[in-house]
Amino acid sequence: MRMQAELPRHVAIIMDGNGRWATERELSRIEGHKNGALAVKKVIEAALEMKIPYITLYAFSSENWSRPKAEVDGLMHLLNQFLKQEQKTFLENQIRLRTIGRLDELPDENCKLIQDTIQKTKQFYRMHVTVALNYSSKNELVDAVKGMLRDAQLGKLNTTSLEYSDIASYLYTKELPDPDLIIRTSGEFRLSNFLLLQSAYAEIYVTPTYWPDFDQTDFQKAIDHYSSRDRRYGNVRPTI
Ligand code: FPP
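Residues numbered from 1 in each chain as written. Predicted model: local features only at pLDDT ≥ 70, side-chain atom pairs only at ≥ 80, totals over all residues. Heavy atoms only, no water.

**Q** Even after reading the chapter, I still don't get the environment of Gly19, so can you show me in this structure?
**A** By the secondary structure assignment, Gly19 is in helix α1 (residues 18-24). Between the C-alpha atom of Gly19 and that of Gln216, which follows or precedes it by 197 residues, the distance is 21 Å. (Helix = DSSP H or I, 4+ residues; strand = E, 2+ residues; numbered from the N terminus.)

This is how it looks when you write it as structure tokens:
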């Protein structure tokens, strides 16, 4: 039987190009990020309409701390604004918020607002929005190994019969299905330390559109592209 993909269950997005979008308009980089936050709202709306249950957004990588302090502060401020404005949308639409990444290294105000929204939405399952914050796939693996070693010492993990599923249960994404589709905007063909293990079988869709210009129509195009793909998971296409 040919495995014909339909709608992806989990779409993960590398939101790139905010800076270039702003520079081309002679605006500050933070203006690019502000418009990027508007694109986030549009994509969540589109995913809700299309009944795509899992969306993961790469908002701040562990490497992004090396950007100028004003840009990092601006991004943290934007994130707070987004959470304050959008908590209502999450509650009204029964959207559950999660984060992946080392959250405790974020400023206190961010942590508090995020934890508050996570708590208030944890009973929802209509849609799951995960924001990658201070995220790095390599750090995720380090944290998983640390957790496994700790549990092994406590006798809670049998290390003689380890399977990938045991390791996956220590990843930040333990409650999420693997992404079916990774979208990257602004034309770069890279995964940039994002969900490296989880995207082993994901389709990758790269569009030249800068993230602030990415809208419902672009999202639909990415989904249509995915739906036309033939996913074989290492198998062959059977001859009839
Ligand atoms: C990459 O563009 C984008 C980021 C590092 C930040 C993404 C943040 C947002 C979209 C806004 C806030 C997010 C939420 C969830 C409210 P870049 O700055 O690397 O662009 P460039 O490569 O053109 O310089």
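So much for the structure itself; the text now carries on.
**Q** Is there a simple way to explain the packing of aromatic side chains in this structure?
**A** In this description, an aromatic ring pair is defined by two values, namely the gap between the centres and the angle between the planes. Counted under the stated rule, the structure contains six aromatic pairs. Both rings, one in Trp211 and one in Phe214, keep their centres 5.1 Å apart while their planes meet at 20°; by these two values the pair is stacked. As far as the burial class goes, Trp211 and Phe214 line up, both buried. Members of the aromatic cluster, joined through ring pairs, are Tyr58, Tyr135, Tyr172 and Phe194. (Phe/Tyr/Trp six-rings, centres within 6.5 Å; stacked < 30°, edge-to-face > 60°. Buried < 20%, exposed > 50% of the residue type's maximum accessible area, 1.4 Å probe, protein only.)

**Q** Is there a simple way to explain the sheet that holds strand β1 (residues 10-14) in this structure?
**A** In any sheet, the strands associate via hydrogen bonds between backbone groups, in a parallel or an antiparallel arrangement. Taken together, the six strands give an open sheet; going across it, the order is β3-β4-β2-β1-β5-β6, and neighbouring strands pair in parallel fashion. This sheet does not close on itself; its edge strands, each paired only once, are β3 (95-100) and β6 (203-206). Strand-to-strand twist in this sheet, taken as the mean axis angle between neighbours without regard to direction, amounts to 20°. Lying over the sheet, helix α2 (residues 29-50) contacts β1, β2 (54-61), β3 and β4 (127-135), oriented at roughly 145° with respect to β4. (Pairing = 2+ DSSP bridges. Axes fitted to C-alpha atoms, helices over the stretch in contact; angles between N-to-C directions. Contact = heavy atoms within 4.5 Å.)

**Q** Just checking my understanding: could you explain the side chain of Asp151 for this structure?
**A** Looking at the element boundaries, Asp151 is found in helix α5 (residues 137-153). Among the residues examined, Asp151 registers a relative accessible area of 12% and is labelled buried. Among residues more than four places away in sequence, those in contact with Asp151 are Lys156, Leu157 and Tyr170.

**Q** Looking at this structure, how should I read α5?
**A** Here α5 is 17 residues long and its end C-alpha atoms lie 24 Å apart, about the 24 Å a rise of 1.5 Å per residue gives. Residues of α5 that are buried include every one of Ser137, Glu140, Ala144, Gly147, Met148 and Asp151, and no others. The buried side chains of α5 occupy one side of the element, clustering within an arc of 100° when seen end-on. Among the exposed residues of α5, those pointing more than 90 degrees away from its buried face are Lys138, Lys146, Leu149 and Gln153. Against β4 and α6 (164-168) lie the buried residues of α5. The residue sitting at the N-terminus of α5 and contributing the capping side-chain oxygen is Ser136; that oxygen lies 3.3 Å from the backbone nitrogen of Lys138. Among the residues trailing α5, Gly155 stands out with phi positive, at a value near 75°. (Expected span 1.5 Å × (residues − 1). Arc of directions from axis to C-beta. Polar contact = N/O pair within 3.5 Å; in protein donor to acceptor, adjacent residues only side chain to side chain.)

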